[in-house]
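Listed here are the chains, written in short residue letters.
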Amino acid sequence: MKTMLLTLSGLLVSTLAWSEEPIPRKDALRNGFYVAPLYSQTFVDEERGTADGTGYALALGYRGSFAGVELIGADTSMDNPDGGATELTSLGLNLLVAPLVHVAVLRDLNLMLGFAVNDRQNHPGFTEDDETYFIDAGLAYTPAIALFGIDVALRAEYLYRRDTQQPVFPEDAPRSFTETVARIGLQIPLSKQPDPPTALQPVDVAVVSLDDDGDGVFDASDECPGTAPNQLVDAAGCVPEPPPAPPPTPPCETSADRLQLQGCEVGHRFVLDGLSFASDSAELDGEAIAALQRVLNVLRDAPDINMMITGYTDDRGADGYNQELSERRAEAVREYLMTEGIASDRLRAAGAGEAAPVTSNNTEAGRAKNRRIEFRLMA
């Protein structure tokens, strides 16, 4: 059987060694045909009655992206207690699967399952030489290495083996052995690897200008040739029209006829005509509400404007009472503006009592003007 194994292995190697098309060098150790010479150590079942075995194996296989199949022949020698050695010569098939090929650190780990027919010779306890059957299961690890400048893979295996015997004599002989096998060797790719790329030679190239004015627009699409280099141009190669100037800020106006606050500075103060109160009252009458519509419209159109609302009284009554009355008048205006949708954080209210009259309190008309609301722009 040894002669048959060597003859078959040599024939397969010579036939397949260079029959493949070239494959990328980075995959040459994983994909394609390969040969794997291995040294093996068998840790025997105690019932076998021999020492642990040593031997050699030769695998010839083909590997795809994540699985491979191989033909493997092996020879193992085990010393017998009474001298001589048991010889096991096998020929079989192995299936290898790499389930974690997409995980970088585990891409070279393979699950391995094998079946082989074995020729048993000179085994103690058996009266005749015979054939047995191997079933192997375990792991194979095949990381890439460089050996003397040649890309190969290291191959290490650890297998559990069930060696099942044919009908045996005498009848009390073991029917099977359960053993472990460790192998180590090389996995050598047989697929052709591409030749290194040929260095590119420099070639003189004539430079043809396609943008004579250097504005970044090719001449074929340039509607305004002759613009200055690095001039900012549009897609047609023309200098764009300057954007229109922003409209001027409207002037600040707080007259009886017009209320325009967007041009006013922070701190600007004004009083609305018609926004007054009856004596000893903080109620807003119809005329006051009509006047407040002007302020309301401004606040709605300009959400960046905030206001301080200050209430005043005439000089009739005690100072403390007038202070409280002025505060209620300012708060009445603030509450009205908030009920119309102006945010509370844009409005503040305060009272100044009878201080800072705008005219004399000696007449009813003067006192009516002093019972007023003053607005001041805040940041």
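In the block above lies the structure referred to throughout.
Residues numbered from 1 in each chain as written. Predicted model: local features only at pLDDT ≥ 70, side-chain atom pairs only at ≥ 80, totals over all residues. Heavy atoms only, no water.

At a minimum axis distance of 11 Å, the contact between helix H2 (residues 286-301) and helix H3 (residues 319-339) shows a crossing angle of 55°. The angle between the axes of H2 and H3 places the two elements in the oblique class. For the pair H2 and H3, the sense of crossing is right-handed. Of the residues in H3, those in contact with Ile-289, Leu-292, Gln-293, Val-295, Leu-296 and Leu-299 of H2 are Val-333, Tyr-336 and Leu-337. Here the contact of H2 with H3 is composed, by residue class, of 8 nonpolar, 1 polar and no charged. (Axes fitted to C-alpha atoms, helices over the stretch in contact; angles between N-to-C directions. Helix = DSSP H or I, 4+ residues; strand = E, 2+ residues; numbered from the N terminus. Parallel < 35°, antiparallel > 145°, perpendicular 65-115°, else oblique. Left-handed = near helix turned anticlockwise from the far one by under 90°. Contact = heavy atoms within 4.5 Å. Nonpolar A, V, L, I, M, F, W, Y, C, P; charged D, E, K, R; others polar.)

Turning next to the pattern of salt bridges. One pass over the structure, following the stated rule, counts 14 salt bridges. As a salt-bridge pair, Asp-163 and Arg-48 come within 2.7 Å of each other at their nearest N and O atoms. Highlighted residues: Asp-163 in strand S8 (residues 150-165) and Arg-48 in the loop between strand S1 (32-43) and strand S2 (53-63), separated in sequence by 115 residues. Side by side, Asp-163 and Arg-48 carry an identical accessibility label, which is buried. (Salt bridge = Lys/Arg side-chain N within 4 Å of Asp/Glu carboxyl O. Buried < 20%, exposed > 50% of the residue type's maximum accessible area, 1.4 Å probe, protein only.)

Pairing in this open sheet of 4 strands is mixed, and the strands run S12-S15-S13-S14 from one edge to the other. Each edge of the sheet is formed by a strand with only one pairing partner; in this case those strands are strand S12 (269-276) and strand S14 (347-351). Strand-to-strand twist across the sheet, computed as the mean angle between neighbouring axes with direction ignored, equals 25°. Across 5 bridges, the pairing between strand S13 (residues 306-311) and S14 is parallel. Bridging across to S14, Gly-311 finds its partner in Gly-351. Against the sheet, H2 touches S12, S13, S14 and strand S15 (372-378), its axis set at about 145° to S12. Across the sheet, H3 is in contact with S13, S14 and S15; its angle to S14 comes to roughly 160°. (Pairing = 2+ DSSP bridges.)

Scanning the model with the defined rule gives 5 aromatic pairs in all. Measuring from centroid to centroid gives 5.8 Å for Tyr-39 and Tyr-56, while their planes differ by 65°, and the two rings are edge-to-face. Linking Tyr-39 in strand S1 with Tyr-56 in strand S2, this pair joins segments that are 17 residues apart in sequence. For Tyr-39, a relative accessible area of 36% corresponds to the partly exposed category. Arranged with centres 6.2 Å apart and planes meeting at 15°, the rings of Phe-115 and Tyr-133 form a pair that is stacked. Here Phe-115 is found in strand S5 (residues 109-121), whereas its partner Tyr-133 is found in strand S6 (residues 130-141), with 18 residues between them in sequence. Under the relative-accessibility criterion, Tyr-133 is labelled partly exposed at 30%. (Phe/Tyr/Trp six-rings, centres within 6.5 Å; stacked < 30°, edge-to-face > 60°.)

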